[in-house]
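Structural characterization, general
For reference, the chains in residue letters:
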Amino acid sequence: MSTIISLVGALMLIISYSVSTNPTSTEVTIIKTLFFSALGSLIISIILGFIGILTGESGFLKFTGILLVFLIVAGLIVVFFTMTFLGFREA
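For clarity, every value in this text was computed on a predicted model and none was experimentally measured.

1. Some words on the packing of helix H1 (residues 2-17) against helix H2 (residues 25-55)
- With their axes 8 Å apart at the nearest point, H1 and H2 run at an angle of 160° to one another. The orientation of H1 with respect to H2, classified from their angle, is roughly antiparallel. In the crossing of H1 with H2, the sense of the turn from one axis to the other is left-handed. In this structure, H1 contributes Ser2, Ile5, Ser6, Gly9, Ala10, Met12, Leu13, Ile15, Ser16 and Tyr17 to the contact, and H2 contributes Ile31, Leu34, Phe35, Ser37, Ala38, Ser41, Leu42, Ile44, Ser45, Leu48 and Gly49.
- Classifying every residue of the contact of H1 with H2 by side-chain character gives 13 nonpolar, eight polar and no charged.

2. Looking at H1
- Under the 1.5 Å per step criterion, the end-to-end length of H1 is 23 Å for 16 residues, consistent within 8% with the ideal 22 Å.
- Along H1, the positions that sit buried rather than exposed are Ser2, Thr3, Ile5, Ser6, Gly9, Ala10, Met12, Leu13 and Ser16.
- Tucked inside the fold, the buried residues of H1 contact H2 and helix H3 (61-86).

3. Thoughts on the environment of Gly56
- Take Gly56: it is sitting in the loop between H2 and H3.
- Along the sequence, Gly56 and Leu76 sit 20 residues apart, while their C-alpha atoms lie 31 Å from each other.

4. Quick notes on the packing of aromatic side chains
- Applying the stated criterion to the full structure yields four aromatic pairs.
- Ring centres of Tyr17 and Phe35 lie 6.4 Å apart, and the angle between their planes is 90°; this geometry places the pair in the edge-to-face category. Residue Tyr17 is located in helix H1, and its partner Phe35 is located in helix H2; the two are separated by 18 residues in the primary sequence.
- Between Phe81 and Phe85, the ring centres sit 5.9 Å apart and the planes meet at 10°, which makes this aromatic pair stacked. Taken together, the residues Phe81 and Phe85, both in helix H3 and four residues apart, mark about one turn of the helix.
- Taking the relative accessible area as the measure of exposure, Phe81 reaches 41% and is therefore partly exposed.
- Ring pairs connect the aromatic residues Tyr17, Phe35 and Phe36, which therefore count as one cluster.

5. Regarding the nonpolar core
- Ala10, Met12, Leu13, Leu34, Ala38, Leu42, Ile46, Val69 and Ile72 form the largest nonpolar core, which has nine residues in total.
- Going through the elements one at a time, H1, H2 and H3 are the ones with two or more residues in this core.
- Ignoring sequence-local partners within four residues, the contact set of Ile72 consists of Ala10, Leu13 and Leu42.

Rules of the game
Residues numbered from 1 in each chain as written. Predicted model: local features only at pLDDT ≥ 70, side-chain atom pairs only at ≥ 80, totals over all residues. Heavy atoms only, no water. Axes fitted to C-alpha atoms, helices over the stretch in contact; angles between N-to-C directions. Helix = DSSP H or I, 4+ residues; strand = E, 2+ residues; numbered from the N terminus. Parallel < 35°, antiparallel > 145°, perpendicular 65-115°, else oblique. Left-handed = near helix turned anticlockwise from the far one by under 90°. Contact = heavy atoms within 4.5 Å. Nonpolar A, V, L, I, M, F, W, Y, C, P; charged D, E, K, R; others polar. Expected span 1.5 Å × (residues − 1). Buried < 20%, exposed > 50% of the residue type's maximum accessible area, 1.4 Å probe, protein only. Phe/Tyr/Trp six-rings, centres within 6.5 Å; stacked < 30°, edge-to-face > 60°. Core = buried A, V, L, I, M, F, W, Y, C linked by side-chain atoms within 4.5 Å.

In structure tokens, the structure reads:
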């Protein structure tokens, strides 16, 4: 279950960034709703993954939800450090 929730959260995060480049007030509300729902579902995914580990569920899918969230966070950290050290250069 944590894998499905983390995939939905990642999808909502991607959609929230691709809604519009110049959003109207309605689109801002949609973007905020998608973004905060994505964060909530990613947090719930981590919690359900840890519950699965603690209760001794069988299978490896309990780890994929946690791994997906950590990969998203690692990607955001790489982007942050890239922009910090390399700046905002135009191609």
